[in-house]
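Chain by chain, the residues run as shown.
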Amino acid sequence: MKYMKLGSKPDVFQTEGNNIRFVATELATDIVIIVGEVKFYLHKFPLLSKSSRLQTLVASTNEESNDEIDISDIPGGPAAFEICAKFCYGMIVTLNAYNVLAARCAAEYLEMFETIDKGNLIYKIDVFLSSSIFRTWKDSIIVLQTTKSLLPWSENLKVINHCIDSIATKASIDPSEVEWSYTYNRRKLPSENGLDSHWNGVRKQQMVPRDWWVEDLCDLEMCLYKKVIMAIKAKGRISSEVIGEALRAYAHRRLFSSLDSAVSNGLDCTRHSTALETIISLLPSEEGSVPCSFLLKLLRASCLLGSGEACRDNLTKRIGAKLDEASVSDLLIPANSGETAMYNVEMISEMLEEFMAQHGDDDDGVKLQEDDDQEAMDGDDNLNSVSSSSKLAITKLVDGYLAEIAKDPNLPLLKFVALAEMVPLASRPVHDGLYRAIDMSIRGEKKRLCGLMDCKKLSPEASMHAVQNERLPLRVVVQVLFFEQVRASSAAAAATGDMPPARSLLPREDGNSYGSSRSAATTATEDDQWAPPTSSSVDVNSFRSMSLANKNGGGGGDTGSNRNGVSGCDQACKKPPSSAKGGGGGLMPKKILSKLWSGKASSGENSSSDTSESPGEETRSTPSRNTRHSVS
C-alpha cells in the first residue's frame, strides 16, 4: 500500500474526554471549531492562512458567538478535519488509501487552494492520487470503496471516475504482463513458503490466469461493481467468458451465500433483489459466456425473491437454449408459495419446450430404425450433429429429473406424464432412466405410467430389476421376461461354442437372484448401479426347472455349473440347436408364467401397459465445460 507523509513537526493534538480535542502549546487557543459532537480548541492564524472558507466564516462571526464556528457538514467528519488542521500546523500527517479521499473532500470543503498558499493540501493530495494511488491495483479498489460515504463530494471531484478507469485499465491488460503482486486476495505459492519439493531456489514467473482480478472486485458494493464491469466491457479487451465468471463469483459472494437464510428468516431482501437485477442486466449475450448452472441459480433466486415475469422469462429462454448442459440438482427449483407440490415442474417444462423449439429441426437426417435393437445400439454412427448428442443429454437429464420429482407425493400424475412425453422417442434409445423414474413414481395409475416405457429398450440390469419389482404390473414383468429371453437366445445362437452365453434373468441354483429385490427402491441418479438382491416373491423353485431342463442339452450331472464353468442359469438362456431333443429351450415355459401369474394375482396386482413403439437407439455424448482457475 502506498502512503505519503506531510509535515515535520511533532503531533501535539490531545484528547480530553470523548468530545474535546486541543493543541498542547503555551499559546492560548482563540477559536473553537465544532464538527458534530466534537469540539476543536485551536488557533486562528495557522488555520486562516491555509483555508479560505474559515477566513470567511471567522469574518462573519460576532463577539457574542465567542469565535465558535460550526462546520458539522464537512465531509469525512472529525477525522478528516483533524488531518486538515494538523497540516495547517505543519504536524506530521500520514495519508494512505483509507483516509486520502476523506482528507481530499475535507480540503475541498475548507477551500485549501493554491491561491491561498503555495503547496496547499489540495495540490499535494492530487499529486499523491495521480502518481501513486491510481497506479496501484489494490489502492484504487480501497479508495473506490470509500467513495460511497463521501457522496456527492467524491463524485464531483471525479475521484470515482478516476478509480473506475484505473481498475478497468489494469483488469484489461494482457495477463502475461500482470505480476502476482497485483492481486488482492491471493494465497502464497508453495515455493514462496519454501514448501515446494521441486523448488530449487530459482523463482520462475508464475502464469497468471485471465480472471486474476475477479475475486478482488467482489468486495465492491453493487452500484460501484456495476460501473466497473461496464467500464471493463467498454474497453473491449476482456472475453465474455471472463466477464461471466466475474459475475458468477460476485453472485456467490453477494447473493447466493445469504439468500436462503434471509428468505427463511423473513428479512428484508431489497438488497438481494437489487443485486439479482443488476447481475442479470450485466450478463453477456454471447453464446457460452455463462454456464447453464449459473443461470439456473439466478432463476432459482428470482423465484425466491418474487422477481417480475420479464426477468424470469428472460432467464428461462437463455437456459432453454443450453438446457443439455444442466444437471438434475440444478433443476430442482422449489414450487411457488401456495402450491402443494415440492418443485416447479411447469418452469422446467417451459425450458424443455424452448430447447426442443431450437433443436427440433437440426437432425432431420438422423433416422433410427424401429424394432431393430442392434441398429439402436450402433446408432452413434449416425450422430453427426451437435443437436443429436444434445438431445441424448436432454433425455438423460429429463429422466433423472423425473426420478427426483417422482418422490413428491403431491406431484400430479399428468405433469409427470406430460414432461416424460416431451422427449422424442428417437432421443431415448435406452429406457433405463425412464424405468427408474416410473419405479419411483408408481402409485395408482400403473398402466399409464408403464405405457411410457418400452420394455425392449431396457438394459439387462434394468430388466433383471424389473422382473423382481413387486410394484410393476404382471403384464409388464412378463413382457420384460419375454424380450430378455429372446435377446439372450439370439445372443447365444450367434456366439461360438467356447463363448459363454448372455446372462439369464432367472435365479441361480443357490436361490440368489442376479437382479435386485422386488421391494428394493431404485436410486435417483442414473449412474448408480442397481441395488443387490435381498428377497423375491417369485418362487425360486419354479425357475429351477429351467436350469434342470437344460441338463439334456449338455449340462451334465452338475446342477450348479456345466463343464465350462457356466452356471445353470446361464445355460437356461442358450437357444438349443434345431437338432437337439429334449427340454433345453430359450423361452419361458408355461409352468413358469403360470407360477408368476399366481404370484402376482395373490398380491392383488392387475396386468397393464401395452408395449410402446421401439425406435432405434442412439449413443450420447455430454458436452464438456470449462472451469475457472481461482486466483485466491
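Residues numbered from 1 in each chain as written. Predicted model: local features only at pLDDT ≥ 70, side-chain atom pairs only at ≥ 80, totals over all residues. Heavy atoms only, no water.

Draft legend 1. Region of interest: the overall build of the protein chain. Broken down by element type, the protein chain carries 27 helices and seven strands. Counting the 632 residues in the protein chain, one finds 47% classified as buried. Contacts in the protein chain between residues at least 24 apart in sequence constitute 72% of all its contacts with a sequence separation of at least 6. (Helix = DSSP H or I, 4+ residues; strand = E, 2+ residues; numbered from the N terminus. Buried < 20%, exposed > 50% of the residue type's maximum accessible area, 1.4 Å probe, protein only. Contact = heavy atoms within 4.5 Å.)

Draft legend 2. Summary view of the pattern of salt bridges. One pass over the full model with this rule turns up 19 salt bridges. Among the ionic pairs, Asp 11 bridges to Lys 86, the shortest N-O distance being 2.7 Å. In this pair, Asp 11 sits in the loop between strand S1 (3–6) and strand S2 (13–16) while Lys 86 sits in helix H3 (residues 77–89), placing the two residues 75 residues apart along the sequence. A relative accessible area of 13% places Lys 86 in the buried class. (Salt bridge = Lys/Arg side-chain N within 4 Å of Asp/Glu carboxyl O.)

Draft legend 3. Representation of the nonpolar core in the model. Residues Ile 33, Leu 42, Phe 81, Trp 213, Leu 217, Leu 298 and Leu 323 are the most contacted members of the largest nonpolar core, which totals 151 residues. Domain assignment of the residues forming this core places at least three in each of domain 1 (3–135) and domain 2 (239–321). (Core = buried A, V, L, I, M, F, W, Y, C linked by side-chain atoms within 4.5 Å. Domains from an automatic or database assignment.)

Draft legend 4. The arrangement of the sheet that holds strand S3 (residues 20–23) in detail. If you walk across this open sheet you meet the five strands as S2-S3-S5-S4-S6, and the pairing is mixed. Two strands lie at the open edges of the sheet, namely S2 and strand S6 (68–70), each paired on one side alone. Pairs of neighbouring strands in the sheet enclose a mean axial angle of 25 degrees, with direction left out of account. Taken together, the three bridges between S3 and strand S5 (residues 38–42) define a ladder with parallel strand orientation. Bridge pairing in S5 places Phe 22 opposite Tyr 41. The strands that H3 touches are S2, S3, strand S4 (31–35) and S5; relative to S5, the one it contacts most, it runs at about 5 degrees. (Pairing = 2+ DSSP bridges. Axes fitted to C-alpha atoms, helices over the stretch in contact; angles between N-to-C directions.)

Draft legend 5. Fine view of the packing of helix H15 (residues 309–321) against helix H17 (residues 345–359). Where H15 meets H17, the closest approach of the two axes is 8 Å, and the angle between their N-to-C directions is 50 degrees. Relative to H17, the element H15 is oriented oblique. Crossing angle aside, the handedness with which H15 passes H17 is right-handed. Between H15, through Arg 312, Thr 316, Lys 317, Ile 319, Gly 320 and Ala 321, and H17, the contact on the second element is made entirely by Met 347, Glu 350, Met 351, Glu 354, Phe 355, Gln 358 and His 359. In the contact of H15 with H17, the residues fall into five nonpolar, four polar and four charged. (Parallel < 35°, antiparallel > 145°, perpendicular 65-115°, else oblique. Left-handed = near helix turned anticlockwise from the far one by under 90°. Nonpolar A, V, L, I, M, F, W, Y, C, P; charged D, E, K, R; others polar.)

Draft legend 6. Geometry of helix H21 (residues 432–441). Most of H21 sits inside the fold, with ten of its ten residues counted as buried. For H21, every residue scored as buried is listed here: Asp 432, Gly 433, Leu 434, Tyr 435, Arg 436, Ala 437, Ile 438, Asp 439, Met 440 and Ser 441.

Draft legend 7. Up close: the pairing of S5. Residues of S5 alternate between two faces, with Val 38, Phe 40 and Leu 42 buried on one and Lys 39 and Tyr 41 left unburied on the opposite face. Judged from the five bridges that link them, S4 and S5 form a sheet pairing that is antiparallel. Residue Val 35 lies in a different strand from S5, and its bridge partner there is Val 38. Connecting S4 to the antiparallel partner S5 that follows it, the hairpin turn spans two residues, and Gly 36 within it adopts a positive phi of roughly 65 degrees.

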